[in-house]
Number of protein chains: 2
Amino acid sequence: MALPRAAKTQRRTRIQEEKEELILEAALEVFATNGFRGSTIDQIADVAGMSKPNLLYYFRTKEAMHRALIERVLDSWLDPLREFDAEGNPVSEIRSYIRRKLEMARDFPRESRLFANEVLQGAPRIEDALMGPLKALVDEKAKVIRTWAKAGKIAKCDPYHLIFAIWATTQHYADFDVQVRAVLGKDRAGEGRFEDAARFLELLFVNGLAVSGPATGGPAA
Amino acid sequence: MALPRAAKTQRRTRIQEEKEELILEAALEVFATNGFRGSTIDQIADVAGMSKPNLLYYFRTKEAMHRALIERVLDSWLDPLREFDAEGNPVSEIRSYIRRKLEMARDFPRESRLFANEVLQGAPRIEDALMGPLKALVDEKAKVIRTWAKAGKIAKCDPYHLIFAIWATTQHYADFDVQVRAVLGKDRAGEGRFEDAARFLELLFVNGLAVSGPATGGPAA
DNA sequence: TGTAATGTTTACCAACCGGTTAAATTATCA
DNA sequence: TGATAATTTAACCGGTTGGTAAACATTACA
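Worth saying up front: this structure is predicted, and the values here are computed from it rather than measured.

Rules and cut-offs
- Residues numbered from 1 in each chain as written.
- Chains lettered and ligands numbered in written order.
- Predicted model: local features only at pLDDT ≥ 70, side-chain atom pairs only at ≥ 80, totals over all residues.
- Heavy atoms only, no water.
- Helix = DSSP H or I, 4+ residues; strand = E, 2+ residues; numbered from the N terminus.
- Contact = heavy atoms within 4.5 Å.
- Lys, Arg positive; Asp, Glu negative; His and termini not counted.
- Charge placed at Lys NZ, Arg CZ, Asp CG, Glu CD.
- Buried < 20%, exposed > 50% of the residue type's maximum accessible area, 1.4 Å probe, protein only.
- Least-squares fit on C-alpha atoms with pLDDT ≥ 70 in both.
- Salt bridge = Lys/Arg side-chain N within 4 Å of Asp/Glu carboxyl O.
- Near = heavy atom within 4 Å.
- Polar contact = N/O pair within 3.5 Å; in protein donor to acceptor, adjacent residues only side chain to side chain.
- Nonpolar A, V, L, I, M, F, W, Y, C, P; charged D, E, K, R; others polar.
- Phe/Tyr/Trp six-rings, centres within 6.5 Å; stacked < 30°, edge-to-face > 60°.
- Lys NZ or Arg CZ within 6 Å of the ring centre and 35° of its normal.
- Domains from an automatic or database assignment.
- Buried area = accessible area lost by both parts, 1.4 Å probe.

**Here we look at the overall build of chain A**
- Tallying secondary structure elements over chain A gives 10 helices and zero strands in all.
- Once the C-alpha set of chain A is aligned to its principal axes, its extents read approximately 70 × 40 × 30 Å.
- For chain A, long-range pairs separated by at least 24 residues make up 67% of all intrachain contacts whose partners lie at least 6 apart in sequence.
- Seen as two clouds, the 33 positive and the 32 negative side-chain charges of chain A have centres 2 Å apart.

This is how it looks when you write it as structure tokens:
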């Protein structure tokens, strides 16, 4: 059997609830900044303020912590895409999806980096999630976007690459935060950067996906 | 003194040239897929086909290997941005910048991941490069873009966030390759995905940056 | 309050990891 | 070819890492 001792108790206690919460919070912090292999149980224990063997009383292995963390975070991570509504106005749906993703990059950068680390290193521990639930959800929303494009409500484009572009541009502000701040410089690196980013991305995507080219040189409507 | 023994020889030999090349190639492979802390000297030695002490004859520490690798790769990595020409046609400059970055993501994904890993984990070893040469180059090109925008050649937008968006969308195809392939599915995950991406990104940026809004509701010129 | 269930700590281990030493081997060239 | 410089290897070292065993402390509840 591969259960930690805490899972073998007869009832699930208040302490278990609290400590597991505490551990996953610490694990998020550590895994997000160091990746799986770069993180140590000792680090996580330190952040959680408990001893290593005590951690291992609740999660039998480092991998088990990581797995539990991914499981807990993945669902909420995909929520914004789920809210993407086929019945809504295409432009405002896309716009609010971008806004929501950008808010998540600002408010939950560790979650973003957790996945980024994992995917970047070949996704050895989340491959199933990518090819299963994630792909299924994207497939579904891609269909919606394609419908909009065919109805002439937005420009004809590959819906998958549109979604990739939104992911990339928004998560960039969480995953590459250090670089963004370094390039913007001290004076511009305040929280205002997220509003600037939102403004720019809105321009880019709304304008970029608008039907029929701009005044300059597109084929006449 | 912190020199590896190979650097203390009287002449620089053919073998040194070859072996250092071999080591850096192996180090790129390993660092790109595991990050600095996740990589071991043994792994690099394995890929390079030589023993660990032999590696350490050419590079005194793991960090020295990483430093040498970054140094060698950073310059060529920034080349596309350097070619960005103030005198050229704005739209075609931006378009060819995107194309070139996308080609690099396709042809040199390991280089992209090397930096992504580093930046993602707080850039402890390349902070200076980010705040120095990188920022300087971006500042310079941002000015060019701003000039274009003021001259009405492209939409008024924040040039820094434009550059971030181009970086994010193009490097996404190298850094998040596993995810891209998983979502596209087996049938669409061939090399054609880069052409599809190029087509989409061209639409997005060229359309998105075109002066004056599209037919739908922009302020009259 | 007593006791059984739950939680925590101390001490430990084997494998791994970055790096060193010194001896052995190979290449270079007068 | 022989001597010298350059390269490679085997053996090793101290610290770290993931994980375990068992004693000890605490909590919950009858």
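**Details of the side chain of H66 of chain B**
All names here are of chain B.
- In this fold, H66 is placed in helix α4 (residues 62-83).
- Overall, H66 belongs to the buried group, its relative accessible area being 2%.
- Apart from residues lying up to four places away in sequence, H66 is in contact with F31, F36, L114, E118 and R125.

**A word on the relation of the copies chain B and chain A**
- Here chain B sits on chain A after a turn of 180° about the axis and a move of 0.0 Å along it, with an RMSD of 0.1 Å. As the rotation angle and translation indicate, the two copies are arranged about a two-fold axis. Using C-alpha coordinates, one finds that chain B approaches the rotation axis most closely at G208 of chain B, a distance of 1.8 Å.

**Focus on the pattern of salt bridges**
- Scanning the entire structure with this criterion turns up 40 salt bridges over all chains.
- The salt bridge partner of E21 of chain A is R72 of chain A, with a shortest N-O separation of 2.8 Å. Taken together, the residues E21 of chain A in helix α1 (residues 14-38) and R72 of chain A in helix α4 (residues 62-83) connect sequence positions 51 residues apart.
- A relative accessible area of 41% places E21 of chain A in the partly exposed class.
- Across the salt bridge formed by D177 of chain A and R181 of chain A, the nearest N and O atoms sit 2.3 Å from each other. Note that D177 of chain A and R181 of chain A are positioned in helix α9 (residues 177-184) at a spacing of four residues, about one turn of the helix.
- On the basis of relative accessible area, D177 of chain A is assigned to the buried category, the value being 9%.
- A residue is classified by how much of its surface remains accessible, and R181 of chain A, at 37% relative accessible area, is partly exposed.
- Look at the salt bridges and you will find they share partners, linking D158 of chain A together with R188, D196 and R199 of chain B into a network.

**Re unusual backbone geometry**
- Even without a glycine there, the phi angle at A123 of chain A is positive, about 50°.
- Along the chain, A123 of chain A turns up in the loop between α6 (109-120) and α7 (127-150).

**A short note on the protein's contact with DNA strand D**
- Every one of the 25 residues lining DNA strand D counts as a neighbour, but T13, Q16, K19, R37 and Y58 of chain B are closest to it.
- Each atom of DNA strand D within 4 Å of the protein was classed as base or backbone; sugar and phosphate made up 62%.
- At 2.4 Å, a side-chain N or O of T13 of chain B approaches a phosphate oxygen of DNA strand D.
- Here a phosphate oxygen of DNA strand D and a side-chain polar atom of N54 of chain B are 3.1 Å apart.
- Breaking the surface near DNA strand D down by element, the ones donating at least two residues are α3 (52-58) of chain A together with α1 (14-38) and α3 (52-58) of chain B.
- A breakdown of the residues in the surface near DNA strand D according to their chemical character gives seven nonpolar, nine polar and nine charged.

**A short note on the packing of aromatic side chains**
- Evaluation of the coordinates by the stated rule reveals 16 aromatic pairs over all chains.
- Here the aromatic rings of F31 of chain B and F36 of chain B are separated by 5.7 Å at their centres, their planes lie at 20°, and the arrangement is stacked. The pair F31 of chain B / F36 of chain B is uniform in exposure class, with both members buried.
- Pairing W77 of chain B with F115 of chain B gives two aromatic rings, centres 6.0 Å apart and planes at 35°, and the pair type is tilted. Remark: F115 of chain B occurs in helix α6 (residues 109-120) and W77 of chain B occurs in helix α4; sequence separation between them is 38 residues. F115 of chain B matches W77 of chain B in its accessibility class, with the two residues each being buried.
- Members of the aromatic cluster, connected to one another through ring pairs, are F164 and W167 of chain A together with Y173 and F194 of chain B.
- Here K62 of chain A stacks its cationic end above the ring of F36 of chain A, 4.6 Å away from the centre of that ring.
- The ring centre of F36 of chain A lies 3.9 Å from the NZ or CZ of R125 of chain A, which sits over that ring.

**Looking at the protein's contact with DNA strand C**
- Around DNA strand C, a shell composed of 25 residues is seen, among which T13, Q16, K19, R37 and Y58 of chain A lie nearest.
- Within 4 Å of the protein, the contacting atoms of DNA strand C are drawn from sugar and phosphate to the extent of 61%.
- At 3.0 Å, a backbone N or O of I41 of chain B approaches a phosphate oxygen of DNA strand C.
- Taken together, the elements giving at least two residues each to the surface near DNA strand C come down to α1 and α3 of chain A together with α3 of chain B.
- Its residues assigned to classes, the surface near DNA strand C comprises seven nonpolar, nine polar and nine charged.

**Overview of the domain arrangement of chain A**
Residue and element names in this part refer to chain A.
- Here chain A is partitioned into domain 1 (5-60) and domain 2 (74-209).
- The C-alpha centroid of domain 2 is placed 30 Å from the C-alpha centroid of domain 1.
- On the domain 2 side, the residues contacting the seven residues of domain 1 number six residues.
- Interface area, domain 1 with domain 2, both sides summed: about 720 Å², of which 59% is carbon and sulfur.
- The three residues of domain 1 that bury the most area against domain 2 are L28, A32 and F36, which together make up 62% of that side's buried surface.
- Linking domain 1 to domain 2 there are two salt bridges.
- We note a salt bridge from R110 to E29, for which the minimum N-O separation is 2.7 Å.
- The interface formed by domain 1 and domain 2 contains three residue pairs in polar contact (both at pLDDT 80 or more).
- Among the residues forming the side of domain 1 that touches domain 2, the class breakdown is four nonpolar, one polar and two charged.

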